[in-house]
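# Geometric and topological summary
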Protein chains: 2
Amino acid sequence: MNISSRDLTMQESPIRKLVPYADRAKKEGTKVYHLNIGQPDIKTPDSMLKAYSEVPQVIAYGPSNGLAEYREKLAAYYSEIGKGIESDNVFVTTGGSEAIIFTLMSALSPGDEVMIPEPFYTNYNGFAAMAGVSVVPVTTSIDDGFHLPSIKVFEEKLTDKTKAIMFSNPGNPTGTVFSREELEGLILFAKKHDLYLISDEAYREFTYGERTAVSIMEFEGIDDNAILIDSVSKRYSACGARIGWIVTRNTKLLNLILKFGQARLCPPTVDQLASLAAMDTPRSYFKEVVREYKGRRDFAYDELISIPGVIAKKPEGAFYMVLALPVKDADDFAKWLLSDFRIDGETTMVAPAEGFYSTNGLGKNQIRLAYVLNKDDLKKAINIIREGLKVYPGRV
Amino acid sequence: MNISSRDLTMQESPIRKLVPYADRAKKEGTKVYHLNIGQPDIKTPDSMLKAYSEVPQVIAYGPSNGLAEYREKLAAYYSEIGKGIESDNVFVTTGGSEAIIFTLMSALSPGDEVMIPEPFYTNYNGFAAMAGVSVVPVTTSIDDGFHLPSIKVFEEKLTDKTKAIMFSNPGNPTGTVFSREELEGLILFAKKHDLYLISDEAYREFTYGERTAVSIMEFEGIDDNAILIDSVSKRYSACGARIGWIVTRNTKLLNLILKFGQARLCPPTVDQLASLAAMDTPRSYFKEVVREYKGRRDFAYDELISIPGVIAKKPEGAFYMVLALPVKDADDFAKWLLSDFRIDGETTMVAPAEGFYSTNGLGKNQIRLAYVLNKDDLKKAINIIREGLKVYPGRV
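Residues numbered from 1 in each chain as written. Chains lettered and ligands numbered in written order. Predicted model: local features only at pLDDT ≥ 70, side-chain atom pairs only at ≥ 80, totals over all residues. Heavy atoms only, no water.

This part takes up the domain arrangement of chain A. Often, the extent of an interface is quoted as the loss of accessible area upon association of its parts. Residue and element names in this part refer to chain A. Segmenting chain A into domains produces domain 1 (5–43 + 284–391) and domain 2 (46–278). Computed from C-alpha coordinates alone, the two centres of domain 1 and domain 2 are separated by 25 Å. At the junction of the two partners, domain 1 supplies 40 residues and domain 2 supplies 38 residues. Interface area, domain 1 with domain 2, both sides summed: about 3200 Å², of which 59% is carbon and sulfur. Taken together, the connections running from domain 1 to domain 2 amount to three salt bridges. Between R297 and E210 there is a salt bridge; the shortest N-O distance is 2.8 Å. Counting the contacts that link domain 1 with domain 2 gives 16 residue pairs in polar contact (both at pLDDT 80 or more). Of all the secondary structure elements, the ones that give two or more residues to the side of domain 1 that touches domain 2 are α10 (283–305), β9 (320–324) and β12 (366–370). Examining the composition of the side of domain 1 that touches domain 2, we find that seven residues originate from one element, α10, more than from any other. When the residues that make up the side of domain 1 that touches domain 2 are grouped by side-chain class, the tally is 23 nonpolar, 10 polar and seven charged. (Domains from an automatic or database assignment. Contact = heavy atoms within 4.5 Å. Buried area = accessible area lost by both parts, 1.4 Å probe. Salt bridge = Lys/Arg side-chain N within 4 Å of Asp/Glu carboxyl O. Polar contact = N/O pair within 3.5 Å; in protein donor to acceptor, adjacent residues only side chain to side chain. Helix = DSSP H or I, 4+ residues; strand = E, 2+ residues; numbered from the N terminus. Nonpolar A, V, L, I, M, F, W, Y, C, P; charged D, E, K, R; others polar.)

Below, the structure written as structure tokens:
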């Protein structure tokens, strides 16, 4: 029996491909610090947890575009960011993942191209493969803190199949927050060439004082181009709730998104009710969470940059950073940490950054690190990287 | 801005396309009996509801293939049905919908064909469109109670692009339960031509004494061909939980399904915990539910068949039936009920069956009816159809 030809384009997730190594380490009794995946340790807000216990007596289908009350509350939130966002401009999905899949399937035809600044969230590859579209990477550099190159570079990559530019802002895996000027440049380019702008803003609340995230919904004159992706996963430390949404003023696009939504019936009902309740979370919760992440970022950055040979720019948002290590092959180093290196029976798991690049050969000496652990654990986890680099045989 | 060319292949759900008519009726104060959608009114089991209130403090990502404990318990359930089903043969998805999308994307390449006996669950069209594969309908007849035609008919439709046969058993929208002999015929055909057999068994517990549902997992010698689709939606009256799963012994296929699964991260965590708890539901719950549905089926069938000009065979499973009405255009009749016909300020919503056929022009005088209401409501709802047919201008 043959399986689908998609097997050739679907990659195994680079974030998860080292899991067997970690599992083996754990089986041997090793404690593994997970800096490889963006699973925060922050408690989900009480309002959200409480809502789960107020479950209805019949867990019924909801509307395909999400519960009306939830869409209204989300629209109110975005109304403070951009003009003319009504509940009908919000489409609730099963996580940000489904939001991106539906967006790519609705905005692009099979065979079309989407430009994505690299390094980028690796699952964009999978979503593009599902939608049958090609990813065209636009390379950014660790030396520029992964900010966008000049629009010329985008122009050079443009073909008659280019239909969209997609990016996450603040960035996963880079932690980079785009300036208003960077976005304005992209917008001019998108308007000129009739391109969709797909702005993944799942980390929009996570910035640390240097720069706040500018939403694509703030800009006028791009009603048909602009598509915002968002999710409860990181904002409320509720990754397992699988609730996300699309915001766009493009009603023609929304009509097609609705057809995909109707086919899969609806996003999870109780998780939507909990996500609705989460919107009543007091500002103090976020202030506290952001303060905590800022402390972790400052600590992690200072510690890491003090390791001889490590190169990084201080990230301004999200809770990731990409570092260059003094190694030839970061994938091998990450495996080596899991297989061969222990301090007091503990080791650290990181994500090799190569998988976040679409261009072959880039990022080979880089890793992505998620600072989602408390400071004590972070200290031990980074110390394992520091000490490991001293004795790792593949060091350069 | 152009939208995706998929707009041409994605249909609006025929179950939902009359919703604006129903909404208008409700706005005017009319009570609408919903026989159009399979949303049961049965209470979700207590064990499941209780589990929602025992939510963890951090709603975290789970494994991409589902929680290990849940997969183990599901495997134990299927072990009583077929040999050699381990937890690794079970892949948990976001509803049966995602199970089918992942299956089609993994088993078929873009451009391939899947044969489906029609009338069929309309969302199969949407899933096929998402996967870029073509549906080849194999027509069944109301006169045969929608049982399968001879294998010759399948042979005639076979091309070098045919890669799978997909069906629901018990059937949605027909309520038909395939005999062991029917399935054996399909299996011989599938083995001969190396085809996948995708058996959607979401209604497997819902049969009413005449015939029990035979699972595709019962058969030996088709380890690589057989794929079972299932879901908690109907079994536990938990449609909004969005938990489904794939069972197959084909490990090559499972590896590709895992890649799609990793891209979208995981199915909802709390809903999985609740679905796990649901498996402790006592047999008495199901006995009571099946008894209730049997009563409804018998009542609905007897009432409907007594309406002059109505044609139907008694369905043996699920909670749907397809009827031929003495009208030229059932879609028009359904709209007319919602717009123009009331008894004591009440009306009935049914699903025109045309949308369940892939072959143009079939099913024009048929409707699908879901007997998901209690008997009192069912009586009133069917009486509205009976009385409506007496005065409907488009009657033949």
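With that settled, consider the sheet that holds β12(A). Residue and element names in this part refer to chain A. Read from one edge to the other, the open sheet built from three strands follows the order β9-β12-β11, with strand pairing classed as antiparallel. Of all strands in the sheet, those with a lone pairing partner are β9 and β11 (351–352), marking the two edges. Alignment of β11 against β12, held across two bridges, turns out to be antiparallel. Across the sheet, the residue bridging to A351 is R368, located in β12. (Pairing = 2+ DSSP bridges.)

All names here are of chain B. One pass over the structure, following the stated rule, counts 56 salt bridges over all chains. Two residues, K192 and E155, come together in a salt bridge whose shortest N-O distance is 3.4 Å. Of the two residues, K192 sits in helix α7 (residues 180–192) while E155 sits in helix α6 (residues 151–157), which places them 37 residues apart along the sequence. The class of K192 is exposed, set by a relative accessible area of 60%. With a relative accessible area of 31%, E155 lands in the partly exposed category. Its salt-bridge partner being R291, residue E288 comes within 3.2 Å of it at the nearest N-O pair. Placement of the pair is E288 and R291 together in helix α10 (residues 283–305), with a separation of three residues, close to one helical turn. (Buried < 20%, exposed > 50% of the residue type's maximum accessible area, 1.4 Å probe, protein only.)

The next thing to look at is the interface of chain A and chain B. Between chain A and chain B, the residue contacts involve 77 residues of the former and 77 residues of the latter. Around 6200 Å² of area is buried between chain A and chain B when both sides are counted, 60% of it from carbon and sulfur atoms. When residues of chain A are sorted by the area they lose upon contact with chain B, M1(A), R6(A) and Y61(A) head the list and together hold 14% of the total. Where chain A touches chain B, the interface holds two salt bridges. Measuring nitrogen to oxygen at the nearest pair gives 3.0 Å for the salt bridge that ties K259(A) to D7(B). Taken together, the connections running from chain A to chain B amount to 42 residue pairs in polar contact (both at pLDDT 80 or more). For the side of chain A that touches chain B, the secondary-structure elements that each account for two or more residues are α2 (46–52), α4 (95–107), α5 (123–131), α8 (251–263) and α9 (269–278) of chain A. Per element, the largest residue contribution to the side of chain A that touches chain B is seven residues, and it comes from α8(A). Within the side of chain A that touches chain B, the residues separate by chemical class into 37 nonpolar, 26 polar and 14 charged.

Attention now moves to the nonpolar core. Ranked by internal contacts, the top residues of the largest apolar core, which has 203 residues, are Y52(A), Y70(A), Y52(B) and Y70(B). Among the elements that line this core, the one with the most residues is α10(B), at nine residues. If sequence neighbours within four positions are ignored, Y52(B) has contacts with Y52(A), S53(A), V55(A), I59(A), V270(A), A241(B), V270(B), D271(B) and A274(B). Within the second largest apolar cluster, 80 residues are counted, among which are I246(A), F120(B), A131(B) and I227(B). (Core = buried A, V, L, I, M, F, W, Y, C linked by side-chain atoms within 4.5 Å.)

By a simple turn and slide, chain A fits onto chain B: the slide is 0.0 Å along the axis, the RMSD is 0.0 Å, and the turn is 180°. With respect to symmetry, the two chain copies, as superposed, fit the operation of a two-fold axis. When each C-alpha of chain A is compared by its distance to the rotation axis, S53(A) comes out closest, at 1.8 Å. When the interface residues of chain A are mapped onto chain B, 99% of them again lie at the interface, so the same face is used by both copies. (Least-squares fit on C-alpha atoms with pLDDT ≥ 70 in both.)

For the rest of this paragraph, the subject is the packing of aromatic side chains. Summed over all chains, the structure comprises 40 aromatic pairs over all chains. Summarising the aromatic geometry, the rings of F120(B) and Y124(B) are spaced 6.0 Å apart at their centres and angled 15° between planes, so their arrangement reads as stacked. Among the aromatic residues, those joined into a cluster by ring pairs are Y203(A), F206(A), Y293(A), F319(A), Y320(A) and Y371(A). Its end group placed over the ring of Y21(B), R24(B) keeps NZ or CZ at 5.1 Å from the ring centre. (Phe/Tyr/Trp six-rings, centres within 6.5 Å; stacked < 30°, edge-to-face > 60°. Lys NZ or Arg CZ within 6 Å of the ring centre and 35° of its normal.)

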